[in-house]
Amino acid sequence: MDNKNLSTSALQSLHNTDVTTWELPEGALARFGHGLRLDVEFSHDAAYFTVATKIGFWIYDTETLTPRALWGTDRGMMNVATFSHDSRWIATGDQDGILKVWDTQNGQCVARTDWGGTERRNVIRHVRFSPDDQFLAASGFGDSAVYAWHTELNAPIRNFKLEKPKLADYRKEGTSYDRYFPIAFSPNSNLFAYVSSPEAVTVSDINTSEEIAHLTGHTTPLHTLLFSPCGQYLASASLGSTVQIWDIQNESLSMTPKTYEGNRIRLAYTPDETLRVAEIYNDKVVIWDASRHVKLDTFNTVGNTDSKARFSNDGKKFAITCRNRKIQIWHEDDSTTKSFFSGYGSIPYSVAFMQDNKTLIGGNWGGTGKIFWDINKREVDRILPPSGKRSSSRRCMTLSPDDQLLAIDTGGNDIQIWNIESEVLVTELTGHKKDIYSLTFSPTGEYLVSGGTRDELYVWDIARWKKQHTLIGHTSSIEAIAFHPDGKQFVTSSRDGTALLWNVETGEQISPLPLPETLEDAFKYRGEPQEIERVMNGGNLQYKKYQHMQSIVFSPCGNWIAGGLGTWMADALINEIRLWDTETLETRMILLQPHGCIRPWALAFSPCGKHLASGAWWKWGLDKAPIHLWEMSTGENIHTFWGHASDVQDLAYSPDGKYLASGSYDGTVLLWDMKPFIDSN
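Since this is a predicted model, take the numbers as computed values, not measurements.

### Describing the overall build of the chain
Moving on, step 1. Across its full length, the chain carries two helices and 58 strands.
Moving on, step 2. What you see for the chain is a C-alpha radius of gyration of 27 Å, in line with the 26 Å of a compact globule of 681 residues.
Moving on, step 3. Here the chain holds 681 residues, and 60% of them are scored as buried.
Moving on, step 4. Considering only contacts within the chain whose residues lie at least 6 apart along the sequence, 46% involve residues at least 24 apart.
Moving on, step 5. Of the roughly 26800 Å² that the chain leaves accessible, carbon and sulfur atoms contribute 45%.

### Description of unusual backbone geometry
Moving on, step 1. P385 follows L384 through a cis peptide bond whose omega is -10°.
Moving on, step 2. Structurally, P385 can be placed in the loop between β34 (379–384) and β35 (397–399).
Moving on, step 3. Backbone geometry at S87 places phi at a positive 65°, although glycine is not the residue there.
Moving on, step 4. Mapped onto the elements of the fold, S87 is located in the loop between β6 (78–83) and β7 (89–94).
Moving on, step 5. At R454, a residue that is not glycine, the phi angle is positive and equals roughly 55°.
Moving on, step 6. For R454, the location among the structural elements is in the loop between β40 (447–452) and β41 (457–461).

### Some words on the sheet that holds strand β58 (residues 669–673)
Moving on, step 1. Spatially, the four strands line up as an open sheet ordered β1-β58-β57-β56, and their pairing is antiparallel. Looking at the sheet topology across the chains shown, the edges are occupied by β1 (28–32) and β56 (648–653). Here the strands of the sheet are splayed against their neighbours by 20° on average, with no regard to which way each runs.
Moving on, step 2. With five bridges connecting them, β56 and strand β57 (residues 659–664) associate as antiparallel partners. Looking at the pairing, Y653 lines up with L660 of β57.

### Remarks on the pattern of salt bridges
Moving on, step 1. Scanning all chains against the criterion turns up 19 salt bridges.
Moving on, step 2. Of the charged contacts, one joins R37 and D306 as a salt bridge, the two residues approaching to 3.5 Å between their closest N and O atoms. Residue R37 is located in strand β2 (residues 37–42), and its partner D306 is located in strand β27 (residues 305–311); the two are separated by 269 residues in the primary sequence.
Moving on, step 3. By relative accessible area, which is 7% here, R37 ends up buried.

### Focus: the packing of aromatic side chains
Moving on, step 1. Under the counting rule described, the total for this entry stands at 25 aromatic pairs.
Moving on, step 2. Arranged with centres 5.5 Å apart and planes meeting at 80°, the rings of W601 and W617 form a pair that is edge-to-face. Within this pair, whereas W601 is found in strand β52 (residues 598–605), its partner W617 is found in strand β53 (residues 611–617), the two being separated by 16 residues in sequence. Per residue, the accessibility class of W601 equals that of W617, and both read buried.
Moving on, step 3. A cation over an aromatic ring shows up here: R382 above the ring of F372, its NZ or CZ 5.6 Å from the ring centre.
Moving on, step 4. The side chain of K467 reaches across the aromatic face of Y458, ending 3.8 Å from its centre.

### Quick look at the side chain of T668
Moving on, step 1. Following the sequence through the fold, T668 ends up in the loop between β57 and β58.
Moving on, step 2. According to the relative accessible area criterion, T668 is buried, its value standing at 1%.
Moving on, step 3. A distance of 2.8 Å separates the side chain of T668 from the side chain of D666, its partner in a polar contact.
Moving on, step 4. Every residue in contact with T668, bar those within four places of it in the chain, is listed here: R31, F32, G33, H34, G35, I55, P348, H644, S662 and G663.

### Some remarks on the environment of S339
Moving on, step 1. Along the chain, the position of S339 falls in strand β30 (residues 334–341).
Moving on, step 2. Linking S339 and L65, residues 274 residues apart in sequence, is a C-alpha distance of 8.6 Å.
Moving on, step 3. Contacts of S339, omitting those with residues within four sequence positions, involve V302, I327 and Q328.

### Some words on the side chain of H628
Moving on, step 1. Along the chain, H628 falls in strand β54 (residues 625–631).
Moving on, step 2. Residue H628 is classed as buried on the basis of its relative accessible area, which comes to 4%.
Moving on, step 3. Of the polar contacts made by the side chain of H628, one reaches the side chain of N637; its length is 3.2 Å.
Moving on, step 4. Of the polar contacts made by the side chain of H628, one reaches the side chain of T640; its length is 3.0 Å.

### Quick notes on the sheet that holds strand β50 (residues 576–581)
Moving on, step 1. Strand order in the open sheet formed by five strands is β47-β51-β50-β49-β48, with mixed pairing between adjacent strands. What marks the edges here is a single partner per strand, and that holds for β47 (525–526) and β48 (548–554).
Moving on, step 2. One ladder, built from five bridges, connects β50 with strand β51 (residues 587–592); its direction is antiparallel. Each residue of the ladder has a partner; that of I577, found in β51, is L591.

### Here's the deal with the pairing of strand β36 (residues 405–409)
Moving on, step 1. Counting buried residues in β36 gives five out of five residues, a clear majority hidden from the surface.
Moving on, step 2. Residues L405, A407 and D409 of β36 are buried on one face, and the alternating residues L406 and I408, pointing to the opposite face, are buried as well.
Moving on, step 3. Pairing of β35 with β36 involves three bridges; the strand directions are antiparallel. Directly across from T398, in β36, lies its bridge partner A407.

Rules used throughout
Once a new chain begins, its residue numbering starts again from 1 and follows that chain's sequence as written. Local features in a predicted model are, by the rule used here, given only for residues with pLDDT of at least 70; side-chain atom pairs are given and counted only at 80 or more, and totals for whole chains, interfaces and linings are based on all residues. The basis for the side-chain values is all heavy atoms of the structure; hydrogens and waters are excluded. Labels follow the DSSP assignment, with helices taken as runs of H or I lasting at least four residues and strands as runs of E lasting at least two, numbered in each case from the N terminus. Put simply, the radius of gyration uses C-alpha atoms, and a globule should come to 2.2 Å times the residue count raised to 0.38. Under the scheme applied here, a residue whose accessible area is under 20% of the maximum for its type counts as buried, over 50% as exposed, and between as partly exposed, the area being computed with a 1.4 Å probe on protein chains only. Contacts are assigned to residue pairs with any non-hydrogen atoms lying within 4.5 Å of each other. In these tables, accessible area is a Shrake-Rupley quantity obtained with a 1.4 Å probe, and a residue counts as shielded only by the protein chains included in the view. A pair of strands is treated as paired once DSSP finds two or more bridges between them. Where helices are involved, their axes are fitted lines through C-alpha atoms of the stretch in contact, as for all axes, and angles between N-to-C directions lie from 0 to 180°. A carboxyl oxygen of Asp or Glu within 4 Å of a side-chain nitrogen of Lys or Arg is what we treat as a salt bridge. What counts as a ring pair is set by centres within 6.5 Å for rings of Phe, Tyr and Trp (its six-membered ring), and what kind of pair is set by the plane angle: stacked under 30 degrees, edge-to-face over 60, tilted for all other angles. Here, a charge over a ring is recorded when the distance from Lys NZ or Arg CZ to the ring centre is within 6 Å and its angle to the ring normal is within 35 degrees. Side-chain atoms alone can form a polar contact between residues adjacent in sequence; in general such a contact is a pair of N or O atoms within 3.5 Å, and within protein one must be able to donate a hydrogen while the other accepts it.

Just geometry here; none of it tells us what the structure is for.
This is the structure:
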């Protein structure tokens, strides 16, 4: 079929570019960000390309670089999205080990199978259609399978396993191991190549299972396999950027192995049998004719390169993602490269509203710039600071109460203070010895409190931009800081499992928040009856030493302190929200989480104080991570939002209470409509 006629009914109009409204979950008004990128691939004729993300997979028009569809949002977590050769189908593999086939004419999933089973590490890394589109192959950690998918997808016709693979083999220092256990079909669809050991390839006949060739010679694990158009040769690449070309019939090398200097490489054959290599560095890409070892082109990338990169089927186009939210397309006939602001970013670890109720700020993990979203226009207003170095560290932020200043950590041990209106760096605070985990301005605007690793906790005088107090009390990293509305007291929570109340003016510790192992009064628990009984009988005590509060907040009236407790142990049972009386510091209520809810570590009170929103992490077996809305007067869970494909990192209400923003590990911020809950009161 003509790919340019790819189902006008299934794809969005070229004029419908407001992607913030596409495929929204129930209750959401907008989605900011396209999701964390996991792969990029061209259609067979390169007219379209897919971007697989943690929220689903996108389809783009290559010529216009316009998004045309977002599918697979029911679960998301897409590792790969691959077109069939006639572009009628798209096969996807996700991090749950689910293999699906989508009809491009209507956008519907027409086949699926649980390829990974119950083995959590069996995520799908590669998906490939045979050239005649009759077979579909998938591979993951140590497994490869071939399906005759038109007749049956539940049972593979061929299954190949690698005995006891070791993940450590794929982590070689100084190299990129972004793909492993590659697979490939021959041009006539009869042969299938797969990794039979970390450094060896086996070629088998699909119909008879006969082994045609066993190819060895690589000294590091393979990450790429590719048949030549004539089917006589097989190109392979391994970690460390070494390329080999095999004559399959003779089981011998057809050329001397070549090692490239780049961090990683990608391969493609042109129709005239020329092997092309894209040699990827941190800030540039070199395109080679590998057969003649001739450099064809070099282009600089618009940012540090990411691991997601792919040639088109004919080797004439090359797509690469960069860590500054850009995707670049290289064209053989055009020395210039196209790039566009894609909206793909890192994890929005923190979210905050400005007082105008129209501006939402997202602070991304590993990115210096804080993104200011205009929620009415559904577009980025600015990024502050405009430029800066990236870091693998998470980056926290806090707004001054008058919205004039934005404090951010630098990804190291310094704090930058920016004037939002002028976009000028006001000052830089030094003093932390390790990474900073939490920052909070006082409601009066007089103080800034910062917490970091190794129990570092400081109070800064804003008028002089000097350190006023060094607070001693915690024995581990400071996870969260929250001020009482009057600005005189603040509370901190730590990885050591404690929460402490402080006097900001004197720097003195007022009191720890008590954490009794079990409450004697069962009426203070809220949750399912069997869960309350289990906890009352000491069911959580074996995990108490592992628990800590990742978040802690004051209610707007100042009468309540809420803390989200959980552990890093995946199957631990302590997942609760504690509510203290601010005056007496007595535990007033414990909200035991519903089944399947772990680490309720994102908390936000509504401005009216009647509701508490809590966001949890994703747990194996769920399609989405939950956001619960609790009625403070009763402790009842009055509503649950299901929208994020992965962990909810942070929550923030707009000052007027009409919106709730949630930042997630899936790489997006969702804007939720809270007006129905205001009207109901």
